[in-house]
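# Analysis of the macromolecular model
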Amino acid sequence: MINSSVFQGKTAAYFTLGCKLNFSETSTFERLLQGMGVTTVDKNADLCIINTCSVTEVADHKCRQAIHRMVRENPGAFVVVTGCYAQLKPETVSGIDGVDLVLGANEKANLVGFLSEAWSGMRQEASLHRYHTVKTKDIRTFAPSCSRGNRTRYFLKVQDGCDYFCTYCTIPYARGFSRNPSISSLVAQAQQAADEGGKEIVLTGVNIGDFGKTTGERFVDLVKALDRVEGISRYRISSIEPDLLDDELIEYCAVSRAFMPHFHIPLQSGSDEVLRLMHRRYDSSLFAHKIELIKKVMPDAFIGVDVMVGTRGERPELFEETYTFLKSLDITQLHVFPYSERPGTAALNIPYVVSDQDKKLRSKHLLDLSDEKTLAFYSRHIGSEAEVLFEKAASGKAMHGFTKNYIRVELPPSPDNDRLDNQLVRVRLGGFNHNKTALKAIF
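Residues numbered from 1 in each chain as written. Predicted model: local features only at pLDDT ≥ 70, side-chain atom pairs only at ≥ 80, totals over all residues. Heavy atoms only, no water.

### Details of the sheet that holds strand S7 (residues 146-147)
Spelled out, the test is: Two strands pair if DSSP finds at least two bridges between them. Starting at the N terminus, helices and strands are each numbered in turn, a helix being any DSSP run of H or I of at least four residues and a strand any DSSP run of E of at least two. For this analysis, residues touch if any pair of their heavy atoms sits within 4.5 Å. Orientation is described by lines fitted to C-alpha atoms, with helices fitted over the stretch in contact, and by angles between N-to-C directions that extend from 0 to 180 degrees.
In space, the four strands of this open sheet follow the order S7-S8-S9-S10, with mixed pairing throughout. The two strands at the open ends of the sheet, each matched to only one other strand, are S7 and strand S10 (234-237). Relative to S10, strand S9 (residues 200-204) runs parallel, the two being bridged by four bridges. By the bridge assignment for S10, Leu203 is matched with Ile237. Relative to S10, helix H8 (residues 219-227) is tilted by about 165 degrees, and along the sheet it contacts strand S8 (154-157), S9 and S10.

The structure is reproduced here in structure tokens:
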């Protein structure tokens, strides 16, 4: 039983690493605890919650740094660590000085219950420094999340887990197998966001195109149902696997009321040989078909692409295949990640190893290509009119927002800008800002 009285008057600080899904979940934790009487603060909190990532060794290191910093900045706080790093390395995390509770992927849904138990004195002091995780096959819970935190956009969690087990990836072990709630429950959450004044929702998950494993429903049917929710003006689909981005979904988005011409599609490699080594479920020809279809039905669509460089087996000529393939595609931006060795993954059995120096050179080569493509995409839209959803700016910072096709648009700092927060405003797109990360809005 939850003892709600122990939450009254408490304060909490939060820190999130990793993906949009993590940020959405942390925001939901915050919202839930605020409803129990817990106030959010920056430092000297009674409770600290760190939501971790473990996609690379660098991410693991950042998680450890964040935990140490939160412990240092919040002396005496009850410290909870959850997320992917907590699931994969619970013993390591629980051994960090100052950590009181480690919750894995299955247990974080019961965060309030664990806190109630600890703060009600129902657990002995000696048992507080422990972790709660289960094996991957036993991760079954789905913790709903539809929250915006301090952002304008809402993030709606539609799926969790992954069944793909690519050779380089630990996410299935950290998140469990694919699972999802019902379409009706997600529609209800979207309607609640609309009732709260939300105008844009980003659909998030680990492998969202795999939606339906739990309920037998289809992702495209979820998209169609959400499109009918009154009050939500925009939806964006976060990263979706190319083999799960079916043609019906692309064609529906092209004529839908609220789904934006904006796609984020992981490629990982443009070499079919490397894709086979990765155990990806498509080849470069299928990926090219998806890009061509999107551009045929949505010529101005923004297309972001994930690419991994330096994975085991990526010989120089195979990287050149990737570069040539990406250069040929009508895409907008590349998200480039150097391969990171992860313990227990099948990729460690592949003999050819790329040096760190070559990884850096390959990353730079692709990032330069990305800049070239993004600048060209933005330049084509200078002088045109577009509707922008503006977001509240930090003090002294330029206010920004995004067009339907995800072009970042900026306004210079002004006291009058606050009135534009969460407003859809039609502007003319001017030239680039000083560092060419956005176009200027002209009224």
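### So, empty space enclosed by the protein
Using the following cut-off: Note on definitions: the grid is 1 Å and covers protein atoms alone; a cavity is a set of points where a 1.4 Å probe fits but cannot get out; a pocket is an open set with protein on both sides within 12 Å along at least five of seven lines; lining residues have an atom within 4 Å of a point. Grid points are joined across faces, edges and corners, and a volume is the space filled by probe spheres set on the points. Under the scheme applied, nonpolar residues are Ala, Val, Leu, Ile, Met, Phe, Trp, Tyr, Cys and Pro; charged residues are Asp, Glu, Lys and Arg; polar residues are all the others, including Gly.
Across all of its chains, the model carries one cavity of 30 Å³ or more by this definition. In this model, the largest cavity occupies a volume close to 30 Å³. Lining the largest cavity are Tyr235, Arg236, Ile237, Cys253, Phe259, Met260, His262 and Phe263. Mapped by element, the contributors of at least two residues to the lining of the largest cavity are S10 and strand S11 (262-268). Residues belonging to the lining of the largest cavity are distributed by class as follows: six nonpolar, one polar and one charged.

### Quick word on the environment of Glu196
What counts, and what does not: For this analysis, a polar contact is any N or O atom pair within 3.5 Å, provided that within protein one partner can donate a hydrogen and the other can accept it, and provided that sequence-adjacent residues contribute only side-chain to side-chain pairs.
Inspection of the secondary structure puts Glu196 in the loop between helix H7 (183-195) and S9. Through-space distance from the C-alpha of Glu196 to that of Asp60 is 36 Å; in sequence the pair is 136 residues apart. Each residue touching Glu196, except ones within four places of it in the same chain, is listed here: Arg31, Arg148 and Tyr154. Within polar-contact distance, the side chain of Glu196 engages the side chain of Gln192 at 3.0 Å.

### Notes on the pairing of strand S17 (residues 424-432)
Both strand S14 (residues 385-391) and S17 contribute to a ladder of five bridges, which runs antiparallel. Along S17, the bridge assignment pairs Glu385 with Arg428. Note: S17 against strand S18 (residues 439-442), three bridges, orientation antiparallel. Bridge assignment links Arg428 to a residue of S18, and that residue is Ile442.

### Points about the pattern of salt bridges
Pairs may arise between side chains of opposite charge once their charged atoms sit close together. Basically, it comes down to this: Just to be clear on terms, a salt bridge is a Lys or Arg side-chain nitrogen sitting within 4 Å of an Asp or Glu carboxyl oxygen.
With the rule as written, the count across this model stands at 32 salt bridges. Notably, a salt bridge pairs Asp60 with Arg342, separated by 2.8 Å at the nearest N-O pair. Here Asp60, found in helix H2 (residues 57-73), pairs with Arg342, found in the loop between strand S13 (333-338) and helix H13 (356-381); they are 282 residues apart in sequence, far enough to count as distant. A salt bridge links Arg362 to Glu314; the nearest nitrogen and oxygen atoms lie 2.7 Å apart. Taken as a pair, Arg362 in helix H13 and Glu314 in the loop between strand S12 (302-309) and helix H12 (316-328) lie far apart in primary sequence, 48 residues in all.

### Let's talk about unusual backbone geometry
Counted only if it meets this: Exposed residues in this analysis have more than 50% of their type's maximum accessible area, buried residues have under 20%, and partly exposed residues fall in between, with area computed by a 1.4 Å probe over protein chains only.
Even without glycine at this site, His279 takes up a positive phi of about 65 degrees. The residue His279 is located in the loop between helix H10 (272-278) and helix H11 (284-297) in this model. With a relative accessible area of 47%, His279 lands in the partly exposed category.

### Quick word on the environment of Asp160
Assignment of secondary structure puts Asp160 in the loop between S8 and helix H6 (171-175). Sequence separation between Asp160 and Ala143 is 17 residues, and the spatial gap between their C-alpha atoms is 8.8 Å. In contact with Asp160, other than residues within four places in its own chain, are Leu21, Glu25, Phe142, Arg175, Phe177, Ser178, Arg179 and Val206. Of note is the side chain of Asp160, whose polar atom sits 3.4 Å from the side chain of Arg175.

### Notes on the pairing of strand S3 (residues 47-52)
Extensive coverage of S3 is indicated by the burial of six of its six residues. By the alternation rule, side chains of S3 split into Leu47, Ile49 and Asn51 and Cys48, Ile50 and Thr52, which are all buried. Bridge count for strand S1 (residues 11-16) against S3 is five bridges, and the pairing is parallel. Each bridged residue has a counterpart across the sheet, and for Ala12 the counterpart in S3 is Leu47. Pairing of S3 with strand S4 (residues 78-83) involves six bridges; the strand directions are parallel. Bridging from a neighbouring strand, Leu47 pairs with Phe78 of S4.

### Here's the deal with the packing of H8 against helix H9 (residues 247-255)
We apply this condition: Each angle receives one of four descriptions, namely roughly parallel if under 35 degrees, roughly antiparallel if over 145, roughly perpendicular if within 65 to 115, and oblique otherwise. If you view the pair so one helix is near and one far, a crossing is left-handed when the near helix is turned anticlockwise from the far one by less than a right angle, and right-handed when it is turned clockwise.
Remark: H8 packs on H9, axes separated minimally by 9 Å, with the N-to-C direction vectors making an angle of 15 degrees. Looking at the two axes, H8 sits roughly parallel to H9. As for the relative orientation of H8 and H9, their crossing is left-handed in sense. Across from Phe219, Val220, Val223, Lys224 and Asp227 in H8, the residues of H9 making contact are Glu248, Leu249 and Tyr252. Residue composition of the contact of H8 with H9, by class: five nonpolar, no polar and three charged.

### Looking at the side chain of His264
Summarising the element assignment, His264 is placed in strand S11. The exposure class of His264 is buried, given its relative accessible area of 17%. Engagement of the side chain of His264 in a polar contact is seen with the side chain of Asp306, the distance being 2.8 Å. Setting aside its immediate chain neighbours within four residues, His264 contacts Ile237, Ser238, Ser239, Ile240, Gly304, Asp306 and His335.

Everything listed is a geometric property; what it means functionally is a separate question.
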